[in-house]
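Overview (structure and organization)
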Amino acid sequence: MTTTSVDVLIIGGGATGAAALYDLARRGVRALLVDQLDFTTGTSGRYHGLLHSGGRYAGRDLETARECIVENRVLRRIVPFAVEDTGGLFVATPADPADFPARWLDGCAKAGIPAEPLSAAQARAAEPALTHDITAVYRVPDGSVDSFDMIHGFVAAARDLGGDAWIYQQVTALLREGDAVVGATLRDTRSGEARTVHAACVLNATGPWAGAVAQLAGLNVSVKFDRGAMIAMNTRWVNTIVNRLRPAADGDILVPVGTVCVLGTTSVHTSAPDDYRVEAWEVSKILAEADVVVPGIRNGRALRAWAGVRPLYEPPQAGHDEAQGREVARTFSVLDHAVLDGVRGLVTVTGGKLTTCRLMAEKAADAVCAQLGISAPCSTADEALPIPAATAGRYHRLDHRLHKLEHGEMPGDLICECEMITRPQLEAAIAAYGGQPVALDDLRRDLRLGMGPCQAGFCGVRAAGILQAVRGQASAEATAALGAFVDERFRGVRPLLWGHQLRQLYLDELIYRRTLGLDRLPDEGVSQATTAAPGEEAAHG
Amino acid sequence: MTDHSTTLIDLTPFTADHCLKCNICTSACPVAPVTPLFPGPKTVGPQAQRLRLPGEPSPDHSIDYCSGCGICTQVCPHGVRVMEINTQAKAVMTQTHGMSPRNWFLSRNELWGRLGTPFAPLANFGVGNRWLRLIVEKTFKVSARGPLPGWAGYTFRGWWKREIKRRPRPQSAPDAQRVVYFHGCSTNTYEPHIGKLAVAVLEHIGLHVEIPPQTCCGLPAQSNGDFKAARRYARTNIESLVEYARRGIPIVGTSASCITAIKGDYQHVLGLDDEDALLVAANTYDFMEFLARLDHEGRLPRDFQPIEAELPYHAPCQLKAHGMGRPALDVLDLIPGLRCWEIDADCCGIAGTYGYKAEKREIAEAVGRPIAEQVSAAGARLVVCDTETCRWQITSLTGAKTVHPVELVALAYGLTVDRYTPPLRAGTAAHAAVGGL
Ligand SMILES: Cc1cc2nc3c(=O)[nH]c(=O)nc-3n(C[C@H](O)[C@H](O)[C@H](O)COP(=O)(O)OP(=O)(O)OC[C@H]3O[C@@H](n4cnc5c(N)ncnc54)[C@H](O)[C@@H]3O)c2cc1C
Ligand code: SF4
Ligand code: SF4
């Protein structure tokens, strides 16, 4: 068993863990981030995509609202390459309580969220998809944020400063010496290999799994699980984020992200951090609610549905034991177990929003540094991260890939036609894994492979062929890799099998079963390593 | 429609939502296989549409190579209006990059038609002069090989004004016996004989012909991405035609492409979907479609003299876009002795103004090659076709003479007009000219 030593071990490669890695690196602390799967496979890859202005919380949770507007501005400044400046609208219709807008405006004013009143005509001129029945509408500085780009940005910047990150490494035990946590045992989730990491302090940034990980040290952190479903529509429909102007309820928000428009969400109390069910009533509810503000959208093409689990944490002393779902405050908690439980070397951070991940990381890193006796202050808000070369410093824009393709900046065969990915890009993405195993689903996360309307119907087999050629895979291995990818894509379409997507799936089925006979090709004796890791899901569709 | 029940999903850009990526359109597109510069309808249409930001500058380039022939829209089994998506994207591209003087020039066919008329001999010398054309190609990028028509030296409208003075028509006809003739720019200034024959045929049928003021249909401006001008033209026509449409008087035209514009493009490309526009569209017919309908209702006189000939017929893409079959063939079939067969080719390549552009001339010729091959294999010296630019292109590709089907109908009815020589002779088999001319 190999052993490694670091100053701080961060568990959880979501937005919070990645921001913490970057934060500690800037303070000169040697930290290592691990995730049991890939980055963004937890809540951070299953969220709605909204860089909150805080407007969503202005009606009831001013603390979160304030955090959001402040961090919204910070993230725009430090990770511009992951943010699309869509702006947001809050739209009230005759179906909504008439007294709410006034209350909401008051909340916005208190939280410092600029809310600019628009006429219904102005709003419809900006977003022609909106309903004609608008009773009030305000513009707020919402945005959309690509968690994948942001997290990779944090990790890359941290690596430049001496930090490191490992994926597919699950923490299976926390090492205790007396009343201190001194490291962890990791298990490689693809090869099963175990290793030990010694650390002066461990930061538990595992979102909904925070309770389970704390349990490994025998500590009790009670995280509530709140499941939410989302549906990606084939096209953008709106280019501004549209929120219902009413007390928070199911199906309130439409977020244009990348090529799709994500509708959501629901709030269902559940008992597991990875309960990713999407129930039929959720799909109907979300479509019906979206249709109120964007008439016709429920007849549009729904590409994929998925769910994420919010970690909701209520400090025990708050005495709100009965609060559930949307009633629980969306702010976050940093638990210094040295103070709370007398166990040194462990800090837990959970709850919060993706929008507030930097602030969460700051407060968590403060607690870690306090334990380590390090006084360097947080500086993550001070300057922009180095901008990944690929984005050329521009804000995220829907038409980036089309622009590059049309300007000859993306030569080579077009492999994934829907999301515009070329053969050289695919080959480069495979090469980036070096000798590490790589599944087609990893390439999906890297490039958006197979995330368009045909859901890998056409590109899956092409990409599998390229992967096979580059890696020199045996046929059986390539077949298994393709099978796993196709199954995974199918999973997200299953809740939406009517109309367009049913037709598409039937065509895909004809391609994969009838033409290629994928279900009859031999794939025995293939190591687990090449198939997609279990339990993953799409980042935005 | 300003009706609130219409939602985005009914509008052209959103039809991209229906695309299953089946590639049927790409395999039918006549341009994609002849040039590497055009990635095909699926790519520039529904696929690129998902990545276009409304109200933002256009990232497009390759879409410029879409000829707008509309075959993709016809073949798509899922209702994606691919050509319409492409044309709208071209308009955004034109807005972004501005319009070249060449494209502006090509979009103003109506203007050049009128300006050239008084100077017909000189103008005709110009378009016929190889050296001049080469200079124009070099400086202006209008292909020297693009088949330009000659000016007739008089206009159809001018002729009509004189004609009704010479032989005033009784004004008493009930609306059910009236018809509006939409001549289009080309008939007005280059081929007035087609309009004159159309009037003769309609009057032979017993209809009272009205020719209200009208302008260019707007299609040339539309396909060059100048939607502002196209909408201006369209509005002028709609305003002039709508009163007839309200009275249920059919509007018929001999240029299948102008008629496509009025019937479909005004709504689906230019977004003119108000009540007037839709009413005019619903009352507009292609000339041969109109004759076929009359025949269906038993109102088309069958007093045809035989024409002994076997002629190839090309259905222009624009006509196919009407989704009405091949009414020209249905009607020509009624003429004893006349056997017309359809050329097995989608597009002649000219696609309005496309084939006149120097950088696209070669593509246009490659697209039209199957027509040339079949015409030459049949040894035909006369080809029938409903749209003017297609006729000129076919003549330039094959050397064969081309006619509008109305010319054959008029011939069979024994009708002729001044300053016109029929392409064939009708009558007994003695004059038979199988294979043309
Ligand atoms: C439906 C829904 C919609 C949302 N919408 C928004 C929104 O629009 N805007 C917004 O700002 N926020 C939104 N949120 C909230 C936001 O997604 C979360 O607050 C945020 O992603 C949490 O990030 P995290 O890094 O704390 O946790 P996670 O992203 O869940 O990261 C935890 C990581 O820990 C890893 N892990 C767990 N156990 C172990 C172990 N034993 N060993 C190693 N690794 C382990 C997991 O694999 C996971 O990657 C939404 C949440 C949900 C559920
Ligand atoms: S309109 Fe014609 S040229 Fe353009 S994409 Fe469609 S089929 Fe091809
Ligand atoms: S536009 Fe129509 S024909 Fe073309 S790929 Fe899509 S579904 Fe098929």
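Residues numbered from 1 in each chain as written. Chains lettered and ligands numbered in written order. Predicted model: local features only at pLDDT ≥ 70, side-chain atom pairs only at ≥ 80, totals over all residues. Heavy atoms only, no water.

The next point concerns the overall build of chain B. Broken down by element type, chain B carries 21 helices and 8 strands. Taking 2.2 N^0.38 as the reference for a compact globule, 437 residues should give roughly 22 Å; the C-alpha atoms of chain B span a radius of gyration of 21 Å, in line with that estimate. The dimensions of chain B, computed from C-alpha atoms along their principal axes, are 60 × 50 × 45 Å. Residues counted as buried form 61% of the 437 residues belonging to chain B. For chain B, the share of sequence-separated contacts (at least 6 apart) that also reach a separation of at least 24 residues comes to 76%. A total accessible area of about 17100 Å² is found for chain B, and carbon and sulfur atoms account for 55% of it. (Helix = DSSP H or I, 4+ residues; strand = E, 2+ residues; numbered from the N terminus. Rg over C-alpha atoms; globule rule 2.2 N^0.38 Å. Buried < 20%, exposed > 50% of the residue type's maximum accessible area, 1.4 Å probe, protein only. Contact = heavy atoms within 4.5 Å. Areas by Shrake-Rupley, 256 points an atom, 1.4 Å probe, with all protein chains shown as cover.)

What follows deals with the overall build of chain A. Looking only at helices and strands, chain A has 15 helices and 22 strands in total. The C-alpha radius of gyration of chain A comes to 23 Å, within 12% of the 24 Å expected for a compact globule of 541 residues. Taking the principal axes of its C-alpha atoms as reference, chain A extends roughly 65 × 60 × 45 Å. Considering only contacts within chain A whose residues lie at least 6 apart along the sequence, 74% involve residues at least 24 apart. Between the averaged position of the 53 positive side-chain charges in chain A and that of its 64 negative side-chain charges there is a distance of 3 Å. (Lys, Arg positive; Asp, Glu negative; His and termini not counted. Charge placed at Lys NZ, Arg CZ, Asp CG, Glu CD.)

To continue, consider the confidence of the model for chain A. Per-residue pLDDT for chain A averages 91, and the proportion of residues at 70 or more is 92%. Segment residues 527-541 of chain A: pLDDT under 50, and 56 contacts once partners within four positions in sequence are set aside and those in other chains are kept. (pLDDT = per-residue confidence, 0-100.)

Quick look at the sheet that holds strand β5 (residues 309-314) of chain B now. All names here are of chain B. On the basis of which strands lie adjacent, the open sheet formed by 4 strands has the order β6-β5-β7-β8 and parallel pairing. Of all strands in the sheet, those with a lone pairing partner are β6 (338-342) and β8 (401-403), marking the two edges. This sheet shows a mean twist of 35 degrees between the axes of neighbouring strands, independent of strand direction. As judged from the 5 bridges shared by β5 and β6, these two strands associate in the parallel manner. Among the inter-strand pairings, L311 is bridged to a residue of β6, identified as C340. (Pairing = 2+ DSSP bridges. Axes fitted to C-alpha atoms, helices over the stretch in contact; angles between N-to-C directions.)

Here we take up the domain arrangement of chain A. Residues and elements named next belong to chain A. Taken domain by domain, chain A consists of domain 1 (2-43 + 148-223 + 315-372), domain 2 (83-144 + 224-312) and domain 3 (393-540). Using C-alpha coordinates to define each centre, domain 2 is positioned 29 Å away from domain 3. Contact with domain 2, which involves 23 residues of that partner, is made by 25 residues of domain 3. Overall, the association of domain 2 and domain 3 removes approximately 2000 Å² of surface from exposure, summing both partners, and the carbon and sulfur fraction of that is 60%. The largest per-residue losses of area from domain 2 upon contact with domain 3 belong to R301, L303 and R304, which jointly make up 34% of the total buried on that side. The partner of R304 in a salt bridge is E488, and the shortest N-O contact between them spans 3.6 Å. At the junction of domain 2 and domain 3, the tally comes to 9 residue pairs in polar contact (both at pLDDT 80 or more). Listing elements by their share of the side of domain 2 that touches domain 3, those giving two or more residues are β4 (83-84), β16 (260-264), α7 (280-293) and β18 (302-313). (Domains from an automatic or database assignment. Buried area = accessible area lost by both parts, 1.4 Å probe. Salt bridge = Lys/Arg side-chain N within 4 Å of Asp/Glu carboxyl O. Polar contact = N/O pair within 3.5 Å; in protein donor to acceptor, adjacent residues only side chain to side chain.)

Bringing the site of ligand 1 into the picture now. Residue and element names in this part refer to chain A. Around ligand 1 there are 36 residues in total, and T16, D35, S44, L50 and T355 lie nearest to it. Here G352 contributes a backbone N or O atom positioned 3.1 Å from an oxygen atom of ligand 1. L354 is positioned such that a nitrogen or oxygen atom in its backbone is 3.0 Å from an oxygen atom of ligand 1. Within the complex, 98% of the 990 Å² of free accessible area of ligand 1 lies under protein. Elements with a contribution of two residues or more to the shell around ligand 1: α1 (15-26), β10 (169-177), β13 (223-233) and β18. For the shell around ligand 1, the per-class residue count stands at 12 nonpolar, 21 polar and 3 charged. Each of domain 1 (2-43 + 148-223 + 315-372) and domain 2 (83-144 + 224-312) contributes no fewer than three residues to the shell around ligand 1. (Near = heavy atom within 4 Å. Nonpolar A, V, L, I, M, F, W, Y, C, P; charged D, E, K, R; others polar.)

Across the contact, 30 residues belong to chain B and 37 residues belong to chain A. For the chain B and chain A pair, buried surface summed over both sides reaches about 2900 Å², with 59% attributable to carbon and sulfur atoms. Summed over the shared surface of chain B and chain A, the number is 2 salt bridges. Two residues, E417 of chain A and K42 of chain B, come together in a salt bridge whose shortest N-O distance is 3.0 Å. Seen at the junction of chain B and chain A, the total is 15 residue pairs in polar contact (both at pLDDT 80 or more).

Turning to the packing of aromatic side chains, a few remarks are in order. A complete count under the given rule lists 14 aromatic pairs over all chains for this structure. Seen in terms of ring centroids, F156 of chain B and Y181 of chain B are 5.7 Å apart; in terms of plane orientation they differ by 80 degrees. Their pairing is edge-to-face. Note that F156 of chain B is positioned in helix α9 (residues 156-166) and Y181 of chain B in strand β1 (residues 178-182), a separation of 25 residues in sequence. The ring of Y168 of chain A carries R190 of chain A above its face, with NZ or CZ at 3.6 Å from the centroid. The ring of Y65 of chain B is capped by K360 of chain B, whose NZ or CZ atom sits 5.0 Å from the centre of that ring. (Phe/Tyr/Trp six-rings, centres within 6.5 Å; stacked < 30°, edge-to-face > 60°. Lys NZ or Arg CZ within 6 Å of the ring centre and 35° of its normal.)

For the rest of this paragraph, the subject is the packing of helix α14 (residues 475-493) of chain A against helix α15 (residues 499-515) of chain A. Residue and element names in this part refer to chain A. Two elements in contact, α14 and α15, have axes whose closest approach is 12 Å; the angle formed by their N-to-C orientations is 165 degrees. Taken as axis vectors, α14 and α15 run roughly antiparallel relative to one another. Judged by the twist between their axes, the crossing of α14 over α15 is left-handed. Contacts between α14 and α15 pair L482, V486, F490 and V493 from the former with Q501, L505 and Y512 from the latter. (Parallel < 35°, antiparallel > 145°, perpendicular 65-115°, else oblique. Left-handed = near helix turned anticlockwise from the far one by under 90°.)

Here we come to the side chain of S58 of chain B. All names here are of chain B. For S58, the location among the structural elements is in the loop between α2 (41-49) and α3 (71-75). Engagement of the side chain of S58 in a polar contact is seen with the backbone nitrogen of D60, the distance being 3.0 Å. The contacts of S58, once residues within four sequence positions are left out, are V92, M93, T96 and H97.

This part is about the pattern of salt bridges. Evaluation of the coordinates by the stated rule reveals 62 salt bridges over all chains. D275 of chain A is the salt-bridge partner of R277 of chain A, the closest N and O atoms lying 2.8 Å from each other. Residue R277 of chain A is classed as partly exposed on the basis of its relative accessible area, which comes to 47%. The exposure class of D275 of chain A is buried, given its relative accessible area of 11%. The salt bridge involving R169 of chain B is made with E203 of chain B; its shortest N-O contact spans 2.8 Å. Here R169 of chain B, found in the loop between α9 and β1, pairs with E203 of chain B, found in helix α11 (residues 192-205); they are 34 residues apart in sequence, far enough to count as distant. When its relative accessible area of 14% is taken as the criterion, R169 of chain B is described as buried.

Attention now goes to the site of ligand 3. Residue and element names in this part refer to chain B. As a matter of local geometry, ligand 3 sits amid 14 residues, with C19, C22, N23, C25 and C76 nearest to it. Broken down by secondary-structure element, the contributors of at least two residues to the shell around ligand 3 are α1 (24-28) and α2. A breakdown of the residues in the shell around ligand 3 according to their chemical character gives 10 nonpolar, 2 polar and 2 charged.

This paragraph deals with the environment of L75 of chain A. Residue and element names in this part refer to chain A. Looking at the element boundaries, L75 is found in helix α2 (residues 62-78). Classification of L75 as buried rests on a relative accessible area of 0%. The spatial distance from the C-alpha of L75 to the C-alpha of A65 is 15 Å, given a sequence separation of 10 residues.

This next bit is on the packing of helix α19 (residues 358-378) of chain B against helix α20 (residues 388-398) of chain B. Residues and elements named next belong to chain B. α20 packs onto α19 with a crossing angle of 75 degrees between their chain directions and a minimal axis gap of 9 Å. With respect to each other, α19 and α20 are oriented roughly perpendicular. Residues R361, A364, E365, G368, I371, A372 and V375 of α19 touch α20, and the partners they reach there are Q393, I394, S396, L397 and T398. Partitioning the contact of α19 with α20 into residue classes produces 6 nonpolar, 4 polar and 2 charged.

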